[in-house]
Amino acid sequence: MILGHEKVPFLHLPTPLDYLPALSKDLGINLYVKRDDMTGLGTGGNKLRKLEYLLHEAQEKGATALVTVGGPQTNHGRLTAAVAAKFGLKCTIVAVGAYPGELSANLLLDRILGCEVYLVQKDGDASDAKLEERAVRETMDKYRAQGDVPFFIPLGGSSPVGILGYYECAQELTMQADEQNIRQPRVIAAVGSEGMYMGLFIGVKDIGSPLHITGIAITNSHMPDAQARAKSYFDECRAYLQFPWTVGKDAFDVRNDYHWNGYNNPVKQVREALYYMARKEAIILDPCYTGKAFYGLLDMVKKGDIRQGDSVIFVHSGGTAAINGPIHRIPMEQELMDGVIIKKPEA
Ligand SMILES: Cc1ncc(COP(=O)(O)O)c(C=O)c1O
């Protein structure tokens, strides 16, 4: 039970906190990785921690179907589909965006998991938000008309209840850092819908943990003032969860320097960061979230924002399926084909 809310426990917790010797040596820091990509269901990822709490809420309301939103390649959607499959619920993901031309990456996994994907195409002047709202309403109505009880999960599962999964992760990580004698650790995590960051932030402050959380915005939607945005989200969570303390906007450390002005956009430097992690530590990042966050970490080391000898915990939040979507796979093929040697048959 966290802040009065229960969960349905279905994860492999605690996830490992591993030291990365080769990268630590290269970078001159003590680098650790929190393996939240290894959470179990549906190839894993950070959303499952939120979904433990959200599933409890859904079950309390008698839900027979889960409905959520995201981009066509949403990791959160894929993990909602996984939870729905495991717990015998129907599931629909509503996404405004074009079909990528093939059934691959998360879209393929959604369908393997038996989830319906409602891909809404742009329509005249209507905003994406309006199109999404309309499609969600239609989906909820369709479920109700057939006698189901649909439960709506917002973008990224980042409702005040969803973020409690990362409050719990803050407790887990604090204990692991203490056991491993990691001094003054700084945690680096990707920020999308911001639930992971906010859950970690609130958890750390609420239990008096020495961890410092740095968020790396992977989308330009935190522009222009990431701190003001975080503060307003914090206030919303506080009003719902009713903990007694508060902070000013300066307390939030969310960087807007590493999103390349987009979301899920292919970026050469990010792919290079991903290859670097893979070739040093055999850990596969993703090009949308953790690749951008890891590039940010490397840049912060280069600029002295992370100093030599510092202890850093990088959160691997999952998302690796994205490397198989054409937007990322095609540039990777161009960069990596030189190492595939195709031997012709002997004449
Ligand atoms: C792999 C991965 N990492 C990080 C995030 C960011 O989490 P949040 O949306 O809670 O900020 C997401 C969100 O979809 C994700 O899929």
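Being a predicted model, the structure only gives us computed values, none of them experimental. (Residues numbered from 1 in each chain as written. Predicted model: local features only at pLDDT ≥ 70, side-chain atom pairs only at ≥ 80, totals over all residues.)

1. Thoughts on the overall build of the chain
The condition that has to hold: Elements are defined by DSSP. Helices are runs of H or I of four residues or more, strands are runs of E of two residues or more, and each kind is numbered from the N terminus. Comment: burial labels come from other C-beta atoms within 10 Å of the residue's own C-beta, placed from the backbone, where a count of 20 or more is buried, 12 or fewer is exposed, and between is partly exposed. Two residues qualify as a contact pair if the distance between their C-beta atoms, derived from the backbone, is within 7 Å.
Looking only at helices and strands, the chain has 11 helices and 10 strands in total. Seen along its three principal axes, the alpha-carbon backbone of the chain occupies a region of about 75 × 60 × 40 Å. Residue burial in the chain is summarised as follows: out of 347 residues, 47% are buried. A fraction of 77% describes how many contacts in the chain between residues 6 or more apart in sequence connect residues 24 or more apart.

2. What to know about the domain arrangement of the chain
Heads up, the condition is: The domain limits used here are those given by an automatic or database domain assignment. Under the grouping applied here, Gly and all other residues not named as nonpolar or charged are polar, the nonpolar ones being Ala, Val, Leu, Ile, Met, Phe, Trp, Tyr, Cys and Pro and the charged ones Asp, Glu, Lys and Arg.
Here the chain is described as being made up of domain 1 (17-45 + 159-335) and domain 2 (47-156). On a C-alpha basis, the centres of domain 1 and domain 2 stand 25 Å from each other. In terms of residue count, helix α6 (residues 164-179) provides more of the side of domain 1 that touches domain 2 than any other element does, five residues in total. For the side of domain 1 that touches domain 2, a count of residues per class yields 10 nonpolar, 17 polar and one charged.

3. Things to note about the site of the ligand
Put simply, the rule is: We call a residue near a molecule or strand when its C-beta atom, built from the backbone, sits within 6 Å of it.
Taken together, 20 residues surround the ligand, and among them Asn 75, Gly 192, Tyr 289, Ser 317 and Gly 319 come closest. Elements with a minimum of two residues in the shell around the ligand: α3 (75-86), β7 (186-191) and α7 (195-207). Classifying every residue of the shell around the ligand gives five nonpolar, 13 polar and two charged.

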